[in-house]
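Observations on the model geometry
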Amino acid sequence: MSTSIKDYRNMVDQPWGRMFYELIFRQLNIPSDKRLKILDFGAGFCITADHFAEKHEVTAVEPNEEMRSVRIQNDNYTLIPQGIEYLETVEENLYDIVFCHNVLEYVDDKETILKQLERVLKPEGILSIIKHNVYGRAMAFAVFGDNPKAALDMLGEDNAEDSMFGNRDVYSNEYLIDSLSDKMFLAEIYGIRAFFGLSKNNEIKYTEEWYKSMLELEMKAGTMEEYKKIAFFNHLIFKKITK
């Protein structure tokens, strides 16, 4: 297994990694009184897929063998070791909810994937997309990384950067909205990680007091327009409407 995958897997077990997912689960607020069909496209370590598989029928699609080898497997979900080729075999209007979290930054043909995700989503279904936010990344470079040069580059015309998974294209919310059809209604935008990624004091992050207070702060800030703009991630939730 590559060092980058090991480091990333270790990170999601740390308080700041757990908080990222807890914020997602709270923002989604998916009811458990009805068993839903859920697709997690680009499931990674299957943390989100596993979480919702306790109450729902979940299909996790992940082409990366290394990530699959260390995935979370507490609950039953269907694992598909493929990528977009799987989507092309799925019938229309199959899933109640589709997740695409931190995936589109790493693919060249975003429009094709978005078209397929929209196609397999049921009318009245929910599409949840989490993406890096250019302004939040610039903030992290300048404050956490003490690297104003990288922050300045991030605010330039070319927002692409190197990452542990290759080239990362940090695209805008407007690009995403424009790439989906007019059947997809933007129901909500949240911010994720406005604060908790800016401090270098990792020791305090292992205390219960810090975690509980920071979680509530992030939940509140994630609904405020001012902090959505500088959050490290944006969480966009679309609803497929019938026309």
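Each remark here, short or long, concerns the structure printed above.
Let us look at the structure shown here. (Residues numbered from 1 in each chain as written. Predicted model: local features only at pLDDT ≥ 70, side-chain atom pairs only at ≥ 80, totals over all residues. Heavy atoms only, no water.)

Quick notes on the overall build of the protein
When its secondary structure is counted, the protein shows 11 helices and nine strands. Counting only C-alpha atoms and orienting by the principal axes, one finds that the protein spans roughly 50 × 40 × 35 Å. The 243 residues of the protein split such that 49% are buried. Within the protein, contacts between residues separated by at least 24 positions form 73% of all contacts whose residues are at least 6 apart in sequence. Per element, the accessible surface of the protein, about 12400 Å² overall, is 49% carbon and sulfur. The centroid of the 29 positive side-chain charges in the protein is displaced by 3 Å from the centroid of its 41 negative side-chain charges. (Helix = DSSP H or I, 4+ residues; strand = E, 2+ residues; numbered from the N terminus. Buried < 20%, exposed > 50% of the residue type's maximum accessible area, 1.4 Å probe, protein only. Contact = heavy atoms within 4.5 Å. Areas by Shrake-Rupley, 256 points an atom, 1.4 Å probe, with all protein chains shown as cover. Lys, Arg positive; Asp, Glu negative; His and termini not counted. Charge placed at Lys NZ, Arg CZ, Asp CG, Glu CD.)

Details of the sheet that holds strand E5 (residues 121–132)
In space, the seven strands of this open sheet follow the order E3-E2-E1-E4-E5-E9-E8, with mixed pairing throughout. Looking at the sheet topology across the chains shown, the edges are occupied by strand E3 (78–80) and strand E8 (184–192). This sheet shows a mean twist of 15° between the axes of neighbouring strands, independent of strand direction. Summarising the sheet, strand E1 (residues 37–41) and strand E4 (residues 95–101) pair through three bridges and their orientation is parallel. Bridge pairing in E4 links Leu 39 to Val 98. (Pairing = 2+ DSSP bridges. Axes fitted to C-alpha atoms, helices over the stretch in contact; angles between N-to-C directions.)

Section: unusual backbone geometry
Trans is the common state for peptide bonds, and a negative phi is the common state for residues other than glycine. The phi torsion at Asn 29 lies on the positive side, around 50°, for a residue other than glycine. Along the chain, Asn 29 falls in the loop between helix H2 (15–28) and E1. Asn 29 gets classed as exposed once you look at its relative accessible area, which sits at 60%. The backbone of Arg 193 shows a phi angle near 70°, a positive value even though the residue is not glycine. Structurally, Arg 193 can be placed in the loop between E8 and helix H10 (208–221).

Topic: the packing of H2 against H10
Running from amino to carboxyl end, H2 crosses H10 at an angle of 40°, the nearest separation of the two axes being 11 Å. Compared by their axis directions, H2 and H10 come out oblique. As H2 runs across H10, the sense of the crossing is right-handed. From H2, Pro 15, Arg 18, Met 19, Glu 22, Leu 23, Arg 26 and Gln 27 reach across to H10, where they touch Trp 210, Tyr 211, Met 214, Leu 215, Glu 216, Glu 218 and Met 219. (Parallel < 35°, antiparallel > 145°, perpendicular 65-115°, else oblique. Left-handed = near helix turned anticlockwise from the far one by under 90°.)

Some remarks on H10
In a regular helix each residue adds 1.5 Å, so 14 residues correspond to 20 Å; H10 covers 20 Å between its end C-alpha atoms and thus fits that length. Listed in full, the buried residues belonging to H10 are Trp 210, Tyr 211, Met 214, Leu 215, Glu 218 and Ala 221. The arc that holds every buried residue of H10, seen down its axis, measures 135°, which confines them to one face. Residues of H10 that are exposed and angled more than 90 degrees away from the buried face: Glu 208, Glu 209, Lys 212 and Lys 220. Those residues of H10 hidden inside the fold are in contact with H2, E8 and helix H11 (225–228). (Expected span 1.5 Å × (residues − 1). Arc of directions from axis to C-beta.)

So, the pattern of salt bridges
Per the counting criterion, the structure on display carries 11 salt bridges. Between Lys 200 and Asp 146 there is a salt bridge, and its shortest N-O distance comes to 2.9 Å. Separated by 54 residues along the polypeptide, Lys 200 in the loop between E8 and H10 and Asp 146 in the loop between helix H7 (134–143) and helix H8 (148–154) bring together distant segments of the chain. The partner of Asp 153 in a salt bridge is Lys 149, with the nearest N and O atoms 2.8 Å apart. With a gap of four residues between them, Asp 153 and Lys 149 both fall in helix H8, about one helical turn apart. Of the residues examined, Asp 153 reaches a relative accessible area of 40% and is grouped as partly exposed. Residue classification places Lys 149 among the exposed residues on the basis of a relative accessible area of 52%. Among the charged side chains, a network of salt bridges with common partners joins Glu 22, Arg 26 and Glu 216. (Salt bridge = Lys/Arg side-chain N within 4 Å of Asp/Glu carboxyl O.)

A closer look at the nonpolar core
Counting residues in each nonpolar core, the largest one holds 39 residues, and the members touching the most others are Met 19, Ile 24 and Phe 52. Top element by residues in this core is H2. It accounts for eight residues. With 27 residues, the next largest nonpolar core counts Leu 94, Ile 113, Leu 117 and Val 120 among its residues. (Core = buried A, V, L, I, M, F, W, Y, C linked by side-chain atoms within 4.5 Å.)

A look at the side chain of Glu 62
Topologically, Glu 62 is positioned in the loop between strand E2 (57–61) and helix H4 (65–69). The side chain of Glu 62 sits in the buried core without any salt bridge; Arg 68 is the nearest counter-charge, 5.9 Å away. At a separation of 3.3 Å, a polar atom in the side chain of Glu 62 contacts the main-chain amide nitrogen of Ala 43. Polar side-chain contacts of Glu 62 include one of 2.7 Å to the backbone nitrogen of Gly 44. For Glu 62, the contacting residues outside a window of four places in its chain are Gly 42, Ala 43, Gly 44, Met 67, Arg 68, Ile 80, Pro 81 and Gln 82. (Polar contact = N/O pair within 3.5 Å; in protein donor to acceptor, adjacent residues only side chain to side chain.)

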